[in-house]
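One-letter residues, chain by chain:
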Amino acid sequence: LSYYHWENVTLGAPATECALFDASAGHTITPCDLFDNQANVDFAMDATTTAAARLLNPANINDNFMKAQICGESTLFSDGKDYSTVRTSLKTQFKLLSSGNTTENALIQKVLNGEITDIKEDIGSINPTTNTPTVAENNVLVFKNTSKDKMGIIWIKSVTLGEKKELNTISMNVYYEK
């Protein structure tokens, strides 16, 4: 295959151990591992509300996100390390696909039917431009990491929203260019 395909990945809000995602390796990055793996972050999960789940462009990671990420006894906001690579030099944007758009619906159907063959070819002219899309179960999104010049597709399998927004989760399948 010319792409990676990761199934049933769980991404969590900032107060979890799995808020940051590396699409090349297919796994989340824990707070304690972030400093050494900043350049590997493709996207994160935001926790701005209890009523919704949002994906997050790494360049939009704010102080509140870093304060929720805890390694040992300290937050990443106050541990004295420089996280500017993940917070300022990485950029990933998203496009939530609509079944009402013929081109986008064709890609949705390819994802749902397991017919992805070539990421860039299948995505075609669809252009991701959103930094923090709100997602729901069965949504399909296209994303582009402009720092790595790679594209991917996300199929949201489920969203778990709880009383504490910092603990919300998204379960997803991810397709990503090699």
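Thresholds, definitions, all that
- Residues numbered from 1 in each chain as written.
- Predicted model: local features only at pLDDT ≥ 70, side-chain atom pairs only at ≥ 80, totals over all residues.
- Heavy atoms only, no water.
- Disulfide = S-S within 2.5 Å.
- Helix = DSSP H or I, 4+ residues; strand = E, 2+ residues; numbered from the N terminus.
- Buried < 20%, exposed > 50% of the residue type's maximum accessible area, 1.4 Å probe, protein only.
- Pairing = 2+ DSSP bridges.
- Axes fitted to C-alpha atoms, helices over the stretch in contact; angles between N-to-C directions.
- Phe/Tyr/Trp six-rings, centres within 6.5 Å; stacked < 30°, edge-to-face > 60°.
- Lys NZ or Arg CZ within 6 Å of the ring centre and 35° of its normal.

### Concerning the state of the cysteines
Considering all chains together, one arrives at 1 disulfide under this definition. Shown here is the disulfide that connects C32 with C71, its sulfur atoms set 2.1 Å apart. Where C32 bonds to C71 through sulfur, the torsion about that S-S bond is close to 110 degrees, and the disulfide is right-handed. You can see C32 sitting in helix α1 (residues 31-34) and its partner C71 sitting in strand β6 (residues 70-71), a full 39 residues away along the chain. Looking at C18, it has no disulfide partner, and the nearest cysteine sulfur is the one in C32, 14 Å off. Of the residues examined, C18 reaches a relative accessible area of 17% and is grouped as buried.

### Focus on the sheet that holds strand β8 (residues 92-96)
Hydrogen bonds between backbone groups are what pair the strands of a sheet, and the pairing can be parallel or antiparallel. With antiparallel pairing, 5 strands are arranged side by side in an open sheet as β1-β12-β11-β10-β8. Both outer strands of the open sheet, β1 (3-12) and β8, are each paired with one neighbouring strand and no more. The average angle at which neighbouring strand axes cross in this sheet is 25 degrees, direction not considered. Note that strand β10 (residues 140-145) and strand β11 (residues 150-160) share 6 bridges and pair antiparallel. The partner of K144 across the bridge, within β11, is M151.

### Observations concerning the pairing of β11
As consecutive antiparallel partners, β10 and β11 are separated by 4 residues, and within that stretch D149 has a phi angle of approximately 50 degrees, a positive value. Bridge analysis of β11 against strand β12 (residues 169-177) gives 8 bridges, and the strand direction is antiparallel. The partner of I154 across the bridge, within β12, is V174.

### Topic: the packing of aromatic side chains
Going through the model one piece at a time under the given rule, you end up with 8 aromatic pairs. Between F35 and Y83, the aromatic rings sit 5.8 Å apart at their centres with planes inclined by 85 degrees, giving edge-to-face as the arrangement. Within this pair, whereas F35 is found in the loop between α1 and β4 (43-46), its partner Y83 is found in the loop between β7 (74-75) and α3 (84-89), the two being separated by 48 residues in sequence. Residue classification places Y83 among the buried positions, given a relative accessible area of 6%. The side chain of K157 reaches across the aromatic face of W155, ending 3.6 Å from its centre.

Treat this as a map of the structure, not an account of what it does.
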